[in-house]
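The primary structure of each chain is shown beneath.
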Amino acid sequence: MAQRMGAGAVGEKARRSAVKLTSRGAIALALVATLAGYIAADLLDIPQLVGAAFVISSLLGALLVNRRELLSLVVTPPLVFFGATLFVEIGRAFGSVSILQSLALGLYSSLSSGAPWLFAGSAVVLAVALRRGLRDNVRDLRQELRAGAEVPRPRQPFVPEPEGYFEPKVYGTPRGED
């Protein structure tokens, strides 16, 4: 029985000392992995590597992030995918005759072909975050917002301005009359 308690304590300690990321770290992981996916996809001519890298890095980020930072992580996958795609397409556009046209066409084609991967990555992050306690984060945020909200003051009744309010006022005396 003592051995079981000792093994449980070691298992608990191992879980606590596991690698944890901040939400910024998880976002950076997804961004760097997606950019690496773009590079690998160009080198190996396998376009699916971009989406796979994005989904896997999003999953890892959602699993490794601190539980209290799940809320900020859940909203970022679309922004990360767009940011990585924009960065890559700006780089590609510099080699063309019409930079703006090339950028627009490249963004359109890359984002439309990557949309299923984007939805999959977002769904994976949301599912993992819900399992890890996203609801608790939302509830805590609502309580903090309620506690910090000011009590609304009753509206003051409308009081019209006195007559002559908008007439110009003359201050002092004219210069010639001292």
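See above for the structure.
Figured I'd write up the structure that's included with this text. Since we're looking at a predicted model, the values are computed, not measured.

With that out of the way, let us pick up the pattern of salt bridges. What the rule picks out here adds up to three salt bridges. Between Glu89 and Arg92 there is a salt bridge, with the nearest N and O atoms lying 2.8 Å from each other. One end of the pair is Glu89 and the other is Arg92, both in helix α5 (residues 77-93) and three residues apart, which spans about a single turn. On the basis of relative accessibility, which here comes to 4%, the residue Glu89 falls in the buried class. Judged by its relative accessible area of 37%, Arg92 is partly exposed. With a shortest N-O distance of 2.5 Å, Arg139 and Asp136 are connected by a salt bridge.

Before going further, it helps to examine the nonpolar core. If you look at the biggest cluster of nonpolar residues, it comprises eleven residues: Ala30, Tyr38, Ala41, Val50, Phe54, Val55, Val80, Phe81, Ala84, Val88 and Leu118. Elements supplying a minimum of two residues to this core: α2 (23-44), α3 (48-64) and α5. The biggest single contributor to this core is α5, with four residues. With residues up to four places along the chain from it excluded, the contact list for Phe54 reads Thr34, Pro77, Val80, Phe81, Trp117, Leu118 and Gly121. Formed by ten residues, the second largest nonpolar core is a distinct cluster that contains Ala26, Val65, Leu73 and Val74.

Bringing the packing of α5 against helix α6 (residues 99-132) into the picture now. The geometry of α5 relative to α6 is characterised by a closest axis approach of 8 Å and an angle of 155° between their N-to-C directions. With respect to their mutual orientation, α5 and α6 come out roughly antiparallel. Crossing geometry of α5 relative to α6 is assigned as right-handed. Judged by residue contacts, Pro77, Pro78, Phe81, Phe82, Thr85, Leu86, Glu89, Ile90, Arg92 and Ala93 of α5 engage Ile99, Ser102, Leu103, Gly106, Leu107, Ser110, Leu111, Gly114, Leu118, Ser122 and Val125 from α6.

Evaluated as defined, the whole model comprises one aromatic pair. Taking 5.1 Å as the distance between ring centres and 65° as the angle between the ring planes, the aromatic pair formed by Phe54 and Phe81 counts as edge-to-face. Here the residue Phe54 occupies a position in helix α3, and Phe81 occupies one in helix α5, the gap between them amounting to 27 residues. Neither residue differs from the other here; Phe54 and Phe81 are each classed as buried.

Turning to α5, a few remarks are in order. Under the 1.5 Å per step criterion, the end-to-end length of α5 is 24 Å for 17 residues, consistent within 8% with the ideal 24 Å. All of the buried residues in α5 are Pro77, Val80, Phe81, Ala84, Thr85, Val88, Glu89 and Ala93.

Definitions and limits used
All residue numbers refer to position in the chain's written sequence, counted from 1. Given that this is a predicted model, residues contribute local features only at a pLDDT of at least 70 and side-chain atom pairs are listed and counted only at 80 or more, while totals for whole chains, interfaces and linings are drawn from all residues. Side-chain figures throughout are based on the complete set of non-hydrogen atoms in the structure, without hydrogens or water. The term salt bridge refers to a pairing of a side-chain nitrogen on Lys or Arg with a carboxyl oxygen on Asp or Glu at a separation within 4 Å. Starting at the N terminus, helices and strands are each numbered in turn, a helix being any DSSP run of H or I of at least four residues and a strand any DSSP run of E of at least two. Buried residues are those whose accessible area, probed at 1.4 Å on protein chains only, stays under 20% of the maximum for their type, while exposed residues exceed 50% and partly exposed ones sit between those limits. Nonpolar cores are built from buried Ala, Val, Leu, Ile, Met, Phe, Trp, Tyr and Cys residues. Side-chain atoms within 4.5 Å join them into one set. We call two residues in contact when some of their heavy atoms are within 4.5 Å. Helix axes use the C-alpha atoms of the stretch in contact, all axes being lines fitted to C-alpha atoms, and the angles between their N-to-C directions lie in the range 0 to 180 degrees. These descriptions rest on fixed angle ranges, namely under 35 degrees for roughly parallel, over 145 for roughly antiparallel, 65 to 115 for roughly perpendicular, and the rest for oblique. Crossing handedness is read from the near helix: turned anticlockwise from the far helix by less than a right angle, it gives a left-handed crossing, and turned clockwise, a right-handed one. Centre distance within 6.5 Å is the pairing criterion for rings of Phe, Tyr and Trp, where only the six-membered ring of Trp is used; planes under 30 degrees apart are then read as stacked, over 60 as edge-to-face, and the remainder as tilted. Multiplying 1.5 Å by the residue count of a helix minus one yields the expected span of that helix.

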